[in-house]
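As a plain string of letters, each chain reads:
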Amino acid sequence: MRLYEDTHTEFKSIYTDDIKKTVVAFANTDGGTIHIGRADDGSVVGVDNPDQTQLSLVDSIANAIRPDVTMFVSHSVQEVEGKPIVITQVQRGTARPYYLAAKGLRPAGVYLRQGSATINASEAAILKMIKESDGERFECARSLNQSLTFVTAQQEFQRRGIPLEEAQQRSLQLVTADGLYTNLALLLSDQCPFTIKAARFSGTDKYIFQDRAEFSGSLFAQLEQAYAYLEKHNQLGSRFSGLHRIDRRDYPDEALREALLNAAIHRDYSYHSSILISIFDDRMEIVSMGGLMPGLTQGDIMMGISLQRNENLASVFYCLQLVEAFGTGLPRINLAYKKAARKPEIHVSENAFKIVLPNQNTSYTSTTGEYLEISEPEANYHTSRTVQPTPLHHQRVLDYLSTHPTITRPQAERLLTVSQATAARLLARMTSEGSLQRLGQGRDTYYQLPR
């Protein structure tokens, strides 16, 4: 009976090094048989030295293909029409995708069988095989990029006095049993493809950019750079209590830190969208991909109940003492706002998570149309410092403007030794009466004498 090449059968008249591509294709698809000693039309030509051919096959397959596929390959010699041929049988492997070590875990090194042809696999096909073999968890799957460096990660581990040698990489799940880098290693490597994008806007919407930045590289580097960016835009607000000046940041440092770490540790990295940080006059929004884990509610996570989407990544951060304990991030953020008038907000969709941190030095007041600095809950603040504007206050503002071109609400507050609300009401009243002209908007609002 004459044989033909098909999805599971390949003919080779002589042994060539390209046979390893066919072995990879069969192991990645549904298995197959390679006949060495048959021409393309199926006719028997035989091999001159069957033993040497088998040795060459064994050596090539063992050294050139990753992961190890030898347990799924067997060789035999058969005599057909009086001529010896070498039969190599390849089973579908359990650690797909298999690839040529010289070309790496990418389309150029991964092959599939399609009909009687051996073809390069697409990146989508490679990812599908990885998911089928390694499971759904992104961090556990083998990285498509195996040419990784860890300069930043090494520095971070050294600062904590922890080595990052091969043994530690295995225990932290950065490499598989076959010595391949996982996606967790990809996140910590200098080649991490995910980024954090941050922007500062004027006002309360996204119409006017004041500043923007994108942070790349190792997740450690991104977090350091992003936190430095947030600190740069975390202004220091001041108020006076009697003769004492009290300073406070727009956002509690602890809340910024926890919100940023939470976004990085719990995001769904199967999406390639960046973490987005938006800073407005009255709030900061941090958005990351990945909704709540199945079975959790918003109430659960606010209570500190946690299911880890990226267990190994969280373990690395815990090992480096970058997080205190699992599930404490959101409760710590709320604790940082314990005495604030406005509290953090959580918004969750099926595929995204957003935390909104209020600016604790501003509060939008519709009657004046501007942002007022606040330091304590409204009731406590008014009982200690709020008074009604008087004609004396009115005259002192005019006297000030006789020697200064402009005045802002914080300047008026310090000049008159009154609360934010009192200063704002006075300036709003003087504007409505025509005594002042209001210019600018949001935190850039200022007043001058009418021209």
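Residues numbered from 1 in each chain as written. Predicted model: local features only at pLDDT ≥ 70, side-chain atom pairs only at ≥ 80, totals over all residues. Heavy atoms only, no water.

Student: Would you mind going over the sheet that holds strand S1 (residues 9–12) with me for this structure?
Tutor: In a beta sheet, neighbouring strands are held together by backbone hydrogen bonds and run either parallel or antiparallel to one another. Sheet architecture is open: four strands sit in the order S1-S2-S5-S4, paired in mixed fashion. Two strands bound the open sheet, and with one partner strand each, they are S1 and strand S4 (73–80). Along the sheet, successive strands turn relative to each other by an average axial angle of 20°, direction set aside. Each of S1, strand S2 (32–36), S4 and strand S5 (83–90) touches helix H1 (residues 19–28); the most contacted strand, S2, lies at about 160° to it. Against the sheet, helix H2 (residues 50–64) contacts S2, S4 and S5, and its axis sits at roughly 160° relative to S4. (Pairing = 2+ DSSP bridges. Helix = DSSP H or I, 4+ residues; strand = E, 2+ residues; numbered from the N terminus. Axes fitted to C-alpha atoms, helices over the stretch in contact; angles between N-to-C directions. Contact = heavy atoms within 4.5 Å.)

Student: Whenever I open this one, the sheet that holds strand S14 (residues 283–289) confuses me. Can you help?
Tutor: An order of S10-S9-S13-S14-S16-S15 is seen for the six strands of this open sheet, with the pairing classed as mixed. The outermost strands of the open sheet, each flanked by one partner alone, are strand S10 (209–215) and strand S15 (345–348). Averaged over all pairs of adjacent strands, the angle between strand axes in this sheet comes to 15°, irrespective of strand direction. Sheet topology places S15 next to strand S16 (residues 352–358); four bridges connect them, and they run antiparallel. Within S16, the position partnered with His-347 by the bridge is Lys-354. Against the sheet, helix H7 (residues 219–232) engages strand S9 (196–201), S10, strand S13 (275–279) and S14, with an angle of about 165° to S10.

Student: I tried to follow the nonpolar core on my own but got confused; where do I start?
Tutor: Soluble globular proteins tend to pack their nonpolar side chains together in the buried interior. Counting 57 residues, the largest nonpolar core has Phe-220, Ile-277, Met-284, Phe-317, Ile-355 and Leu-357 as the members making the most contacts within it. In terms of residue count, helix H8 (residues 253–266) provides more of this core than any other element does, eight residues in total. In this structure, Ala-25, Phe-26, Val-47 and Tyr-111 belong to the second largest nonpolar core, which totals 20 residues. (Core = buried A, V, L, I, M, F, W, Y, C linked by side-chain atoms within 4.5 Å. Buried < 20%, exposed > 50% of the residue type's maximum accessible area, 1.4 Å probe, protein only.)

Student: It is not clear to me how the pairing of strand S8 (residues 117–120) should be interpreted in this structure. Could you clarify?
Tutor: On a regular strand, one side chain projects to one face of the sheet and the next to the other, so that they alternate. Across four bridges, strand S7 (residues 111–114) lies against S8 in antiparallel orientation. If you follow Leu-112 over to S8, its bridge partner there is Ile-119. Where S7 hands over to S8, the hairpin turn is made up of two residues, of which Gly-115 adopts a positive phi near 65°.

Student: Where do I start with the confidence of the model for the chain in this structure?
Tutor: In regions of low pLDDT, the predicted coordinates are not meant to be interpreted in detail. This prediction gives the chain a mean pLDDT of 85; 88% of its residues lie at or above 70. Confidence, expressed as mean pLDDT per element, reaches its minimum in the chain at helix H12 (residues 378–385) with 34 and its maximum at S13 with 96. Confidence drops under a pLDDT of 50 for residues 364–371, and excluding neighbours within four residues, the segment shows 21 contacts in the predicted structure. Per-residue pLDDT stays below 50 along residues 373–386; that stretch engages in 42 contacts with residues further than four places along the chain or on separate chains. (pLDDT = per-residue confidence, 0-100.)

Student: For this particular structure, what's the right way to read the pairing of S14?
Tutor: In terms of residue burial, S14 counts as a mostly covered element, since six of its seven residues are buried. Taking the residues that link successive antiparallel strands as the turn, the S13-S14 hairpin has three residues. Pairing between S14 and S16: seven bridges, direction antiparallel. Each bridged residue has a counterpart across the sheet, and for Ile-286 the counterpart in S16 is Ile-355.

Student: What is the right way to look at the packing of aromatic side chains in this model?
Tutor: Aromatic ring pairs are reported here in terms of the distance separating the ring centres and the angle at which the planes meet. A full pass over the atoms with the stated rule returns nine aromatic pairs. Look at Phe-150 and Tyr-181: their rings are 5.3 Å apart centre to centre, the planes differ by 55°, and that puts the pair in the tilted class. Pair noted here: Phe-150 is in the loop between helix H3 (123–134) and helix H4 (151–159) and Tyr-181 is in the loop between helix H5 (166–171) and helix H6 (183–188), with a separation of 31 residues, a long-range link. For the pair Phe-150 and Tyr-181, one class covers both residues: buried. (Phe/Tyr/Trp six-rings, centres within 6.5 Å; stacked < 30°, edge-to-face > 60°.)

Student: For this particular structure, what's the right way to read unusual backbone geometry?
Tutor: A cis amide bond links Arg-66 to the next residue, Pro-67, at an omega of -15°. Mapped onto the secondary structure, Pro-67 falls in the loop between strand S3 (65–66) and S4. Of note, the bond from Arg-96 into Pro-97 is cis; its omega dihedral lies within 30 degrees of zero at 5°. In this fold, Pro-97 is placed in the loop between S5 and strand S6 (99–100). Even without a glycine there, the phi angle at Glu-81 is positive, about 55°. Mapped onto the fold, Glu-81 is located in the loop between S4 and S5. With a relative accessible area of 66%, Glu-81 lands in the exposed category.

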